[in-house]
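Structure at a glance
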Amino acid sequence: MAAIGETRPVDQVNFLARLNNNRNLLGLLFMLPAAAILLLFLTYPLGLGIWLGLTDVKVGRPGRFIGLENYAWLFEDHIFWLSVFNTFVYTTAASVIKFALGLWLALLLNRHIPFKAFIRAIVLLPFIVPTVLSALAFWWIYDSQDSVISWILIEAGLLDETIDFLGQPNNARASVIAANIWRGIPFVAITLLAGLQTIPASLYEAATIDGAGEWQRFRHITFPLLTPIIAVVMTFSVLFTFTDFQLIWVMTRGGPINATHLMATLSYQRAIIGGALGEGAAIATAMIPFLLAAILFSYFGLQRRKWQQGGRDD
Amino acid sequence: MTDLLARPPAADEGGMGYLESLPRKVVVVYIPLAIFIFVLLFPFYWMTVTSFKTNEELHAYKGLQALWIYEPTLENIRFLLFDTEYPRWLWNTMLVTVVSTFLSIFCAVCAAYAIERLRYKGSRTVGMLIFLAYLVPPSILFIPLAIMVFALGIFDSNWALILTYPTILIPFCTWLLMGYFRTIPYELEECALIDGATRLQILVKIVLPLSVPGLISAGIFAFTLSWNEFIYALTFISSAENKTVPVGAITELITFDVYNWGGLMAGAMLGSLPVAILYSFFVEHYVSSMTGAVKE
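Residues numbered from 1 in each chain as written. Chains lettered and ligands numbered in written order. Predicted model: local features only at pLDDT ≥ 70, side-chain atom pairs only at ≥ 80, totals over all residues.

Along chain B, the regular secondary structure elements total 16 helices and zero strands. Evaluated residue by residue, chain B yields a buried proportion of 45% over its 296 residues. A fraction of 80% describes how many contacts in chain B between residues 6 or more apart in sequence connect residues 24 or more apart. (Helix = DSSP H or I, 4+ residues; strand = E, 2+ residues; numbered from the N terminus. Buried ≥ 20, exposed ≤ 12 C-beta atoms within 10 Å, placed from the backbone. Contact = placed C-beta atoms within 7 Å.)

Right, here's the structure in full:
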C-alpha cells in the first residue's frame, strides 16, 4: 500500500482503502454485473410479461390496458383448457414414471458392477444432447410409415400394420410422454445416485444383522434418508416438465387436434405465430401459480434436509 | 461435495456383495441395467445409422438388415455441409455459447464471491433470490423478452442470444460457485488480508486458483445449457444465416413435402457431437455440477 500512497493523491488512497474495507460497498460493486443482467433480462421481463397479459398488444401494434379481458377470453376457450389438461397429464405421467424408473436405475448403478464409471457416463447422454436434436430422432422413430418400432414389432409377428404414433390423440400423448421420460431418467437417476452414495453402508449392515430384508432396508433406510434429495430433484423435474416446449414443438407442434398442446406451446403459437402477444403472455402468466406451488414445495424440502443432516439452519 | 461421485463407495467393495449369488445378480441387476442402457442409447444409434444410409435403403425394410448400414454413404453429410447453411449455424451456436458462457462465469464469480465471502448486508436474501431466478423457466419469459429484444434493436442478431442466455446461466453458475467458495478455508483469506492484499487480489490470486474444478464444472454445464437452448433462439432469430443448430435443424431442414430423414438425422448427429465430445472429457465435472446444484 505504501507504494501506491506515494504515487497517488491522498484522497484517492483513502477512497480505495475505504472501499476495500467497506464490505457493503464492495459487495455492491461485485454484484453489479450479475445484477445488471438479471434485473434487466429476467426480473423486468417477468413483470413486463404479467403486464402484457393485461393488454391487447399485437405484433407491430402497441397495446392498451384491457384488464382481465384476456383471462376472461381464455376462460371461455376450450383449447386453453385442453392445454391445461394436457399439461397436467403430461407432467403427472412423465414425472411419476421418471421418478420410478430413475430411482430404479439409481439403485442399480449403486450396486457393485463392472465399468461403473463408464456406464454412468453413457447413461447421462440423453440429458446432455440437445433436446431438440434427440426429439428429431424420436420423430423419426415415431414416423407413421417407417417407424423402427412398428417394423420390429411386425417382424416379430406381434403386429399387422404400422402404429400411427403421432397421428392419433392418445397415441401422440403417450409418445411425447415417453420421449420426455427418456430424456428425464438420466437426470433423476444420477442425482439420486449421488444421494444414495452418501448413505453409510454400515446402516445396511446393521439392519441386515437385525434381520431386515431387502424391502425393509429400502423402506426404512434408503427411502427416509433419500427423501430430502428426492423432494428437490422432483421439484426440478416437475418444474421443467410443466414448462416444456422443445419436445412438443419438434414432434407434434401441439397436434393432432391440439391433443398435445401444452400451455407453453399454446402460448408460443398464439403469441409468436398468431401475433397475439397479449393473449400469449396471459397464458404464460397462468403458469406462474403452479410454478410457485412447486417452488414452495422445494423450499420446504430443503428446510427438512438441513435438520435431518444436522446442518446449519440458515 | 465434488469428489462424492468420483470416489467409489469404499464400504461397498467389501460390503455385503458376497451375500448375493451370481445368477440372482444377473436377473436382478444386469438384465434390467442392460435394458435401461439399450433404451437410453437406441435413439442415438438409430440417428447415427440413419445419417449414413442412402435414401433407398432407408425405406427398404426387409428382414433384420434395416438395423445396419449396407451401402454407407456420406451424401447426407455432404448435403448438410455444402447445400445448406449448416456450417454457419454451427459457427453461430459456438459463438453464442462460448461468449455467453464466459460472460456468465465472470458475473457468477463476482456475485458468488460477494455473497459467500464479503457477506454484505442482505447477502443471504440475494443468495435465495438467485436460487429462485434459476427456477424461472424461459417459456414464461420469451414473449416479453422478444418485445425487449426488438426495442433494443438486436432482434435477429447474435447479441439477442448472447445477452439473454446468461439469464439462464448466471443463477445456476452463481449457485454452484457459492457452494464451491464455501469449501475454501477462511484462514487463507485472512492471511492475505493481513498481508495487505485487496479483495480483488484475494479473489484472483487465492480463491480462483483453488476453485478451478468448480469453474470447469460451471463452465461445462453452462456450455451444454446454452448449446441446448431452443425457445429464445427460435423466437429472436428470423433469418436463416443467424440461426443456431437446433433452430436451423427444425426450421430449415424440414421441407414439408418429402422428409429428408438422412439429412435431418445427420444434422441432429453433427449438432450433438460437439457437446458429446466435450462431455466425454469432463464427465466427472459435469456430474458434480449437476448433483451439486441439487444438493446445495
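Anyway, onward from the coordinates.
Moving on, we get to the nonpolar core. Leu136 and Met251 of chain A together with Ala108 of chain B are the most contacted members of the largest nonpolar core, which has 159 residues in total. Broken down by element, this core gets its largest block of residues, 15 residues, from helix α5 (residues 86-118) of chain B. If near-sequence neighbours (up to four positions away) are discounted, alanine 108 of chain B is found in contact with Ala34 of chain A together with Ile170, Cys173, Thr174, Leu177 and Ala218 of chain B. (Core = buried A, V, L, I, M, F, W, Y, C linked by C-beta atoms within 7 Å.)

Now for the interface of chain A and chain B. Taken residue by residue, the interface counts 80 residues in chain A and 83 residues in chain B. If you tally residues by element for the side of chain A that touches chain B, the top one is helix α3 (residues 23-52) of chain A, at 18 residues. A class-by-class count of the residues in the side of chain A that touches chain B yields 61 nonpolar, 15 polar and four charged. (Nonpolar A, V, L, I, M, F, W, Y, C, P; charged D, E, K, R; others polar.)

Domain annotation for chain A reports domain 1 (4-52) and domain 2 (65-308). Averaged C-alpha coordinates put domain 1 of chain A and domain 2 of chain A at centres separated by 40 Å. (Domains from an automatic or database assignment.)

A few words on the domain arrangement of chain B. All names here are of chain B. Assigned domains of chain B: these are domain 1 (2-73) and domain 2 (79-295). At the interface, 10 residues of domain 1 touch 12 residues of domain 2. Of all the secondary structure elements, the ones that give two or more residues to the side of domain 1 that touches domain 2 are α2 (22-51) and α3 (55-59). Looking at the side of domain 1 that touches domain 2, the element that brings in the most residues is α2, giving four residues. When grouped by side-chain class, the residues that make up the side of domain 1 that touches domain 2 number four nonpolar, five polar and one charged.

Backbone geometry at phenylalanine 115 of chain A places phi at a positive 55 degrees, although glycine is not the residue there. Along the polypeptide, phenylalanine 115 of chain A turns up in the loop between α5 (78-109) and α6 (116-123). Residues other than glycine seldom take positive phi values, yet arginine 119 of chain B does so here, at roughly 45 degrees.

This part takes up the confidence of the model for chain A. Residue and element names in this part refer to chain A. Taken over all residues, the pLDDT of chain A has a mean of 84, while the share at 70 or more is 88%. Mean pLDDT in chain A bottoms out at helix α1 (residues 2-7), which sits at 47, and peaks at α5, which reaches 92. Segment residues 1-6 is flagged for pLDDT under 50; beyond a separation of four residues in sequence, or across chains, it makes three contacts in the model. Note that residues 310-314 has pLDDT below 50 and, in this model, four contacts with residues that lie over four places away or in other chains. (pLDDT = per-residue confidence, 0-100.)

A separate point is the environment of leucine 153 of chain A. Residue and element names in this part refer to chain A. Take leucine 153: it is sitting in helix α9 (residues 148-155). With 10 residues separating them in the primary sequence, leucine 153 and isoleucine 163 have C-alpha atoms 9.6 Å apart. Discounting chain neighbours no more than four positions away, the residues touching leucine 153 are Leu158 and Leu159.

All names here are of chain A. Within the element layout of this structure, leucine 247 appears in helix α13 (residues 246-251). Residue leucine 247 is classed as buried on the basis of its C-beta count, with 27 C-beta atoms lying within 10 Å. On a C-alpha basis, the gap between leucine 247 and aspartate 143 in space is 15 Å, while along the polypeptide they are 104 residues apart. When near neighbours in sequence (up to four residues on either side) are disregarded, leucine 247 contacts Thr131, Ala135, Val176, Ala179 and Asn180.

Turning our attention to the confidence of the model for chain B. Residue and element names in this part refer to chain B. For chain B, the average pLDDT comes to 84, and 89% of its residues sit at 70 or higher. When pLDDT is averaged over each helix and strand of chain B, the minimum, 43, is found for helix α1 (residues 10-14) and the maximum, 92, for α5. Here residues 1-14 scores under 50 on pLDDT; set against residues more than four positions off or in separate chains, the count is 24 contacts. The complex model carries a pTM of 0.86, and its ipTM stands at 0.85.

The next point concerns the packing of α5 of chain B against helix α12 (residues 212-228) of chain B. All names here are of chain B. Relative orientation of the contacting elements α5 and α12 amounts to 140 degrees, with a least axis distance of 9 Å. By the criterion of interaxial angle, the relationship of α5 to α12 is oblique. Viewed along their axes, α5 and α12 form a crossing whose handedness is right-handed. Between α5 and α12, the contacting residues are Thr93, Val96, Thr97, Ser100, Thr101, Ser104, Ile105 and Ala108 on the first element and Leu215, Ala218, Gly219, Ala222, Phe223, Ser226 and Trp227 on the second. For the contact of α5 with α12, a count of residues per class yields eight nonpolar, seven polar and no charged. (Axes fitted to C-alpha atoms, helices over the stretch in contact; angles between N-to-C directions. Parallel < 35°, antiparallel > 145°, perpendicular 65-115°, else oblique. Left-handed = near helix turned anticlockwise from the far one by under 90°.)

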